[in-house]
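# Inside the fold
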Amino acid sequence: MHATPSTILFDLDGTLCTYERPGSVILEAAFDRLGLEPRFEMADFHGRYLEFLPESADGYELYERTFTALCAEHVDDPSLGERLNRAFHDERDPDDLVALEGAREVVITLEEEYRLGLITNGHPELQRRKLRAIDLPDVFETMVFAGYETPAKPDPEPFRRALSAVDAAPEEAVYVGNVPAVDVAGAQAAGLRAAWLADADRRPDPRPEYVLESLHELRGQLW
């Protein structure tokens with residue numbers, strides 16, 4: 001039995017918010033704009049973007065660098081990356097961002113009992129805009145924008161920085177995220193417990209300490 005934590009830290013994308021049109025749909029539409037059949041999938045993007053996160057000035061540049069690398073690999077035409085990125089962002093409506101079910105209600109309730117923080121891979125300006133869009137701009141005592149202020153998750157450094165900011169030990173904290181290889185792995189490497197917001201894959205690797213079917217379970221007797 002684990003002790004009740006004093007601190008809960010959250011991922012952002014896919015954990016507290018998401019786009020109504022998934023990236024896979026937008027990527028297909030972007031290829032269609034260019035008159036091309038899709039040459040790779042968003043899973044390929046997610047497998048490569050961490051390479052380019054530290055050197056990218058913002059989210060737009062991150063996508064362009066990643067698409068360029070993927071176009072070089074899958075299409076043998078790196079110059080296509082710039083056009084594909086422009087088409088992708090023309091398709092994506094920034095106002096189509098929505099909070100995951102229960103996100104705002106659960107986080108605000110938890111604020112009464114726990115110290116809260118955010119650790120997200122992403123450009124600070126873009127990620128703050130997302131928080132404003134889902135009406136959660138001032139809930140977190142600390143926010144770490146990994147990949148810019150620290151190495152990107154799953155490196156343990158962003159977790160250590162967040163813990164230091166709220167004066168909590170690793171064993172006192174739980175990290176909530178949706179990507180096992182990034183969120184669970186990074187949290188456990190820093191000594192935190194991990195709560196995985198589950199998807200269709202029932203065999204997460206690495207295995208988290210807790211499996212959440214919804215964010216509402218954070219308000220129950222999970223610990």
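Residues numbered from 1 in each chain as written. Predicted model: local features only at pLDDT ≥ 70, side-chain atom pairs only at ≥ 80, totals over all residues. Heavy atoms only, no water.

## A word on the overall build of the protein chain
If you tally the helices and strands in the protein chain, you get eight helices and eight strands. For 223 residues, the compact-globule estimate of 2.2 N^0.38 gives 17 Å, and the protein chain sits close to it at 18 Å. In terms of its C-alpha atoms, the protein chain occupies a principal-axis envelope of roughly 55 × 35 × 30 Å. (Helix = DSSP H or I, 4+ residues; strand = E, 2+ residues; numbered from the N terminus. Rg over C-alpha atoms; globule rule 2.2 N^0.38 Å.)

## Side note on the pairing of strand E1 (residues 7–10)
Here E1 shows no split at all, with Thr7 and Leu9 on one side and Ile8 and Phe10 on the other all buried. Examined bridge by bridge, E1 and strand E4 (residues 115–121) share four bridges and lie parallel to one another. Its bridge partner lying in E4, leucine 9 is registered against glycine 117. Direction of pairing for E1 relative to strand E6 (residues 173–177): parallel, over a ladder of four bridges. Residue pairing for E6: threonine 7 is matched across the bridge by alanine 173. (Buried < 20%, exposed > 50% of the residue type's maximum accessible area, 1.4 Å probe, protein only. Pairing = 2+ DSSP bridges.)

## So, the nonpolar core
One finds Phe10, Leu16, Leu116 and Leu218 to be the most contacted residues of the largest nonpolar core, which totals 29 residues. Contributing elements (two or more residues each) for this core: E1, strand E2 (17–19), helix H5 (103–110), E4, E6, strand E7 (193–197) and strand E8 (210–212). Looking at this core element by element, the count peaks at four residues for H5. Apart from the residues within four sequence positions on either side, phenylalanine 10 is in contact with Thr15, Leu16, Val107, Leu110, Leu116, Gly117, Leu118, Ile119, Phe140, Tyr175, Val176 and Leu218. The next biggest cluster of nonpolar side chains, apart from the first, holds 21 residues, and it includes Phe67, Leu70, Cys71 and Ala87. (Core = buried A, V, L, I, M, F, W, Y, C linked by side-chain atoms within 4.5 Å. Contact = heavy atoms within 4.5 Å.)

## Considerations on the layout of surface pockets
A volume near 1,100 Å³ is recorded for the largest pocket. In terms of lining, the largest pocket is formed by 40 residues, of which the most central are Asp13, Tyr19, His46, Tyr63 and Lys130. Listing elements by their share of the lining of the largest pocket, those giving two or more residues are E2, helix H1 (23–33), helix H2 (42–48), helix H3 (59–74), E4, helix H6 (124–133) and helix H8 (180–189). If one sorts the elements of the lining of the largest pocket by residue count, H6 sits on top with six residues. Split into classes, the residues belonging to the lining of the largest pocket amount to 16 nonpolar, 13 polar and 11 charged. (1 Å grid on protein atoms, 1.4 Å probe; cavity = no way out; pocket = protein on both sides within 12 Å on 5 of 7 lines; lining within 4 Å. Points joined across faces, edges and corners; volume = space filled by probe spheres on them. Nonpolar A, V, L, I, M, F, W, Y, C, P; charged D, E, K, R; others polar.)

## Structural notes on the sheet that holds E7
What the six strands build is an open sheet, ordered E5-E4-E1-E6-E7-E8; its pairing is parallel. The sheet is open, and its two borders are formed by strand E5 (142–146) and E8, each paired with just one other strand. For this sheet, the mean inter-axis angle between neighbouring strands, taken without regard to orientation, is 20°. In terms of strand pairing, E7 meets E8 through three bridges, oriented parallel. Across the sheet, residue leucine 197 finds its bridge partner in E8, namely leucine 212. (Axes fitted to C-alpha atoms, helices over the stretch in contact; angles between N-to-C directions.)

## As for helix H4 (residues 80–91)
The end-to-end C-alpha distance of H4, which contains 12 residues, comes to 17 Å, matching closely the 16 Å that a straight helix rising 1.5 Å per residue would cover. All of the buried residues along H4 are Leu80, Gly81, Leu84, Asn85, Ala87, Phe88 and Glu91. Relative to the axis of H4, the buried residues are bounded by an arc of 165° and lie together on one face. The elements touched by buried residues of H4 are H1, H2 and H3. (Expected span 1.5 Å × (residues − 1). Arc of directions from axis to C-beta.)

## Description of the pattern of salt bridges
Tallying each qualifying case throughout the model produces 14 salt bridges. Glutamate 51 is the partner of arginine 48 in a salt bridge, and the nearest nitrogen-oxygen pair spans 2.6 Å. In this structure, arginine 104 engages aspartate 135 in a salt bridge whose closest nitrogen and oxygen atoms are separated by 3.0 Å. Placement of the pair is arginine 104 in helix H5 and aspartate 135 in the loop between H6 and E5, with a sequence separation of 31 residues. The class for arginine 104 is partly exposed, based on a relative accessible area of 37%. Here the salt bridges share partners, and the residues they tie into one network are Arg21, Arg33, Asp90 and Glu91. (Salt bridge = Lys/Arg side-chain N within 4 Å of Asp/Glu carboxyl O.)

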